[in-house]
Protein chains: 2
Amino acid sequence: MLKKLDATIKLGKDLYKEQIESMILRLGEAQRKCKEAGIPIVVLFEGWSASGKGSRIKSVIHSLDPRGFEVFTIQRPNEDERLRPYMWRFWNKMPAKGRMHVFDRSWYRVLMRGHEKDEIPLADPIQDVLSFEKTLADSGVLIIKLFLHVSMKEQRRRLKRLADSPETAWRINEDDWIQNCRYNETMLAYGRMLEKTDHESAGWTVIEADNRRFADVKIYRSMLDAMEKALSAKSKNGETDRSSVELPEITIPSVLESVNLNRSLDRKHYNERLEAAQSELERLHNEMYIHRVSAAAVFEGWDAAGKGGAIKRLVYRLDPRGYKVAPYGAPNDIEKSHNYLWRFWNNVPKAGHLTVFDRSWYGRVMVERVEGFCSPDDWKRAYAEINDFEKQLVDSGIILLKFWLHIDQEEQLKRFEFRKNTPEKQWKITDEDWRNREKWDKYLEAVDEMLSRTSTEYAPWTVVEAVDKLYARIKVIETVRDSLENGMKSVRKK
Amino acid sequence: MLKKLDATIKLGKDLYKEQIESMILRLGEAQRKCKEAGIPIVVLFEGWSASGKGSRIKSVIHSLDPRGFEVFTIQRPNEDERLRPYMWRFWNKMPAKGRMHVFDRSWYRVLMRGHEKDEIPLADPIQDVLSFEKTLADSGVLIIKLFLHVSMKEQRRRLKRLADSPETAWRINEDDWIQNCRYNETMLAYGRMLEKTDHESAGWTVIEADNRRFADVKIYRSMLDAMEKALSAKSKNGETDRSSVELPEITIPSVLESVNLNRSLDRKHYNERLEAAQSELERLHNEMYIHRVSAAAVFEGWDAAGKGGAIKRLVYRLDPRGYKVAPYGAPNDIEKSHNYLWRFWNNVPKAGHLTVFDRSWYGRVMVERVEGFCSPDDWKRAYAEINDFEKQLVDSGIILLKFWLHIDQEEQLKRFEFRKNTPEKQWKITDEDWRNREKWDKYLEAVDEMLSRTSTEYAPWTVVEAVDKLYARIKVIETVRDSLENGMKSVRKK
């Protein structure tokens, strides 16, 4: 991909001036229109060492409203970042609707320089990068990827100049020189990387960057093209809401139909098993901390199915410094202006910690689907996005558990009535709960489909028979205990 | 303060059970009511090494809804934190309305253990801690401060037990043993610290903690008392909105009246001076980065006074990796549920960086005052809070600049009309701008008072005569340049 390109191509001063001047105004205007249209934009500057990423960024942003963009420089991950999955810090930096985030280096670092020491590695970097970009693009993020290409000769000249001045010498290191010495091999590797990550949702534009004027003009033009295309696509697609995402048929029968809701447990056995499991959990939780193993437990279920009670008993004996319960309700306005997964990345557990998700990303395929808060395409796409997301968590070493707390309509009614009639429980029941109840069948269909489509080998669902609360709590807690025990077993061996 | 207390006081099992059981329910209920009432709660656990902070926290949260609180453990600051003023990471961790944040150690670290290496020190730790707590308390945060007190003998016993087990030995270090050896001196120092930081808005409760049962009961009771008191105060004060904050009279005459709006600059001199100043700024900005000096430039001014244009020229030649423009509009719903200063702390520049605040915390004493978005007490209190906040920034080494871009009503009308009649400028003018214009006199009064009350020795305002845009831009840019030059001079000497 790079071989065929001539990095040394030049542009004269006059021609440059003529071309750039008209584009400066247009780029500012395109930025404003994208802001109005609520399009989030990500611009990546990747490329050779000393290919001028910083200077080119500076040149581009001259024509932008400084209140509308932010520049991020990706360097070695800091401690907080090293304790989380690789993609965590990039998810954190994704723009809200209408904002532009410019990256000086990016998530491609792993593909260009490999993993840093102490970093949690990506299991399949190419695939993970692609699915990250696809998820973003599908939710409306415009991704502009620029690769700055310089010739061997020009790179050497620039490195020398940087090294010669005491003001800039600190910017380069041995790796940069090695890259120049092995220019041809590196070019082949970069070329392969570009080909593999050049996809429909986010293609690469290689910028021949020996000559700054030529580079500037090509960068401006690429950004303008991309932004204007996004704007026209947005204005066209505004209304059409027909589904085009096709899902494979579900071959297995309903999961929920076969759930035996009669399971129960007597108080005596409950107390014994609870105490035993809680004390084992406490021990395992400490061990997790010492070995830096993390875990995430996701709780979903019908209203009044007993999520709160189960969570409370689960964390009862754990050291609060090592876990966090993250409750999720309707998204706030900041959260709404990002991809739906964004607010969950924020609480992905750091190494050695446990996060309990009280409701989760599955809202996309349940409440958002049933209530029409997203389009059919959106929730249909979400199954694969969620599976990718969970695979990344598991690949990064997180022990992931997912519970569906199941009761039937009759039991729910009983609990709602009880709450309504018990003064100290009344706060637990709202009008919305009653409204949701009326859509039971629609929810049932959504839940069943969710359980089928997102029960993966690496992140299976545990359906919990929850009419008997004692039985449900024990099942939850013992399942967590067994998973942690299994997870720690393999770590202990190392 | 500590000397008079008997850390060894005991509580029998039966009495404990009786007392704690009734409080467990009450505490859960108080938590829920505080949530409903939108009261943010901060609970600090401080105390001797091995005084059982972790275990006591665990015991307290058993009675809480895990979805309503979060526990923060304060350890050595990480890199991100070391590059910012000391209080930055605590501001970040303040609870939104209705949430409870529990701290295992806190901002008192500096008063109990001194500063960490590489940390930006507080200039006046006691005073800074007090004003932080006062600002929070005044905005409705309930602060519960618990100090766990153990006797020398008990501390030694616990340290020995921790050291003896391989599972817990890593938790203690030499400092903990030194504390025990110098128990009496440490007690005196802690006692003084407690006295100095025991104030009306946030008093200390010392918990005698040799006996866990006694400690638990006292902690429960203290929290219950504080929460119930806050609830009853809240329900009483709901309506009264009369101002009780008294401000000293302003003795100096109006600042704005004497501004000479006729100042101007011709295009030729403008171009020359602009180019010169921008190139010096570029050099100074690089030097800032190398010496880890940071700066913040605050822009306030009438609508259409030219803030955007001035900011654009200010940052024109700066490396985008070293500055950030932070635009502030009306607060979003997350921001609204925190103290008004919270969202600005977020963008306090890190060492070596520049933040340009496009509108700022001064909204409190301008738009919020004029439009009635906060009570008279709120904005009157804000002058002192803002001065404290800015003092902390300056004390931490940040070069702080504040610009008021001034035009008159006639000039604003001209610019509004021009925007209205120029297609590519129309986006810049909104109905709100016209509405604000009608309240010119009220804003004038507020601005004049603001300039008087918040022009301090360490953070003076620069009023910019902005009818002539060229003059205004040069004044802004040269002022920034001179301040950076001055700031760097003293750094270079070191």
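You'll find the structure just up there.
In short, a report on the structure. For clarity, every value in this text was computed on a predicted model and none was experimentally measured.

A look at the overall build of chain A
Here is step 1: A tally of helices and strands in chain A yields 20 helices and ten strands.
Here is step 2: In terms of its C-alpha atoms, chain A occupies a principal-axis envelope of roughly 85 × 55 × 40 Å.
Here is step 3: Looking at chain A as a whole, 56% of its 494 residues are labelled buried.
Here is step 4: Counting only contacts in chain A whose residues sit at least 6 apart along the sequence, the fraction spanning at least 24 positions is 81%.
Here is step 5: When the accessible surface of chain A is summed, it comes to about 23000 Å², and 48% of that surface belongs to carbon and sulfur atoms.

Observations concerning the relation of the copies chain B and chain A
Here is step 1: For the pair chain B and chain A, the best superposition has an RMSD of 0.0 Å and corresponds to a rotation of 180 degrees with a translation of 0.0 Å parallel to the axis. With respect to symmetry, the two chain copies, as superposed, fit the operation of a two-fold axis. If distances are taken from each C-alpha of chain B to the rotation axis, the shortest is found for B:Asp333, at 3.5 Å.
Here is step 2: Same-surface contact between copies: 98% of interface residues of chain B are shared with the interface of chain A.

Regarding the nonpolar core
Here is step 1: A:Trp107 and B:Trp107 are the most contacted members of the largest nonpolar core, which has 291 residues in total.
Here is step 2: In this view, B:Trp107 contacts B:Val42, B:Leu44, B:Tyr86, B:Met87, B:Phe90, B:Met94, B:Val129, B:Phe132 and B:Glu133; residues no more than four positions away in its chain are not counted.

Points about the sheet that holds strand 9 (residues 399–406) of chain A
Residue and element names in this part refer to chain A.
Here is step 1: Read across the open sheet, the five strands follow the order 7-8-6-9-10; overall the sheet is parallel. The open sheet has two free edges, formed respectively by strand 7 (323–327) and strand 10 (461–465), since each of these has just one partner strand. For this sheet the average axis-to-axis angle between neighbouring strands, irrespective of direction, equals 20 degrees.
Here is step 2: Pairing analysis gives seven bridges linking strand 6 (residues 295–301) to strand 9, with the strands arranged parallel. Considered in strand 9, the bridge of valine 298 is made with lysine 402.

Considering the sheet that holds strand 2 (residues 69–73) of chain B
Residue and element names in this part refer to chain B.
Here is step 1: A sheet is described by the order of its strands in space; here five strands give the open sequence 2-3-1-4-5, paired in parallel fashion. Among the strands making up the open sheet, the edge pair consists of strand 2 and strand 5 (204–208). Strand-to-strand twist in this sheet, taken as the mean axis angle between neighbours without regard to direction, amounts to 20 degrees.
Here is step 2: Note that strand 4 (residues 142–149) and strand 5 share five bridges and pair parallel. Across the sheet, the residue bridging to leucine 148 is isoleucine 207, located in strand 5.
Here is step 3: Lying on the sheet, helix 9 (residues 183–196) is in contact with strand 4 and strand 5; it crosses strand 4 at an angle near 165 degrees.

Details of the layout of surface pockets
Residue and element names in this part refer to chain A.
Here is step 1: Its boundaries defined by the atoms lining it, the second largest pocket holds a volume of some 660 Å³.
Here is step 2: Lining the second largest pocket are 32 residues, and of these Val293, Ser396, Gly397, Ile398 and Ile399 sit closest to its centre.
Here is step 3: For the lining of the second largest pocket, the elements supplying multiple residues, two or more each, are helix 3 (79–82), strand 9, strand 10 and helix 20 (469–493).
Here is step 4: A total of six residues in the lining of the second largest pocket trace back to one element, the largest contributor, which is helix 20.
Here is step 5: Residues of the lining of the second largest pocket, tallied by class, amount to 15 nonpolar, ten polar and seven charged.

Examining the side chain of B:Asp128
All names here are of chain B.
Here is step 1: Structurally, the position occupied by aspartate 128 is in helix 6 (residues 125–138).
Here is step 2: No salt bridge is formed by the buried aspartate 128. Its closest oppositely charged neighbour is lysine 391, at 6.0 Å.
Here is step 3: With residues up to four places along the chain from it excluded, the contact list for aspartate 128 reads Met87, Leu122, Ala123 and Gln392.

What counts, and at which threshold
Residues numbered from 1 in each chain as written. Chains lettered and ligands numbered in written order. Predicted model: local features only at pLDDT ≥ 70, side-chain atom pairs only at ≥ 80, totals over all residues. Heavy atoms only, no water. Helix = DSSP H or I, 4+ residues; strand = E, 2+ residues; numbered from the N terminus. Buried < 20%, exposed > 50% of the residue type's maximum accessible area, 1.4 Å probe, protein only. Contact = heavy atoms within 4.5 Å. Areas by Shrake-Rupley, 256 points an atom, 1.4 Å probe, with all protein chains shown as cover. Least-squares fit on C-alpha atoms with pLDDT ≥ 70 in both. Core = buried A, V, L, I, M, F, W, Y, C linked by side-chain atoms within 4.5 Å. Pairing = 2+ DSSP bridges. Axes fitted to C-alpha atoms, helices over the stretch in contact; angles between N-to-C directions. 1 Å grid on protein atoms, 1.4 Å probe; cavity = no way out; pocket = protein on both sides within 12 Å on 5 of 7 lines; lining within 4 Å. Points joined across faces, edges and corners; volume = space filled by probe spheres on them. Nonpolar A, V, L, I, M, F, W, Y, C, P; charged D, E, K, R; others polar. Lys, Arg positive; Asp, Glu negative; His and termini not counted. Salt bridge = Lys/Arg side-chain N within 4 Å of Asp/Glu carboxyl O.

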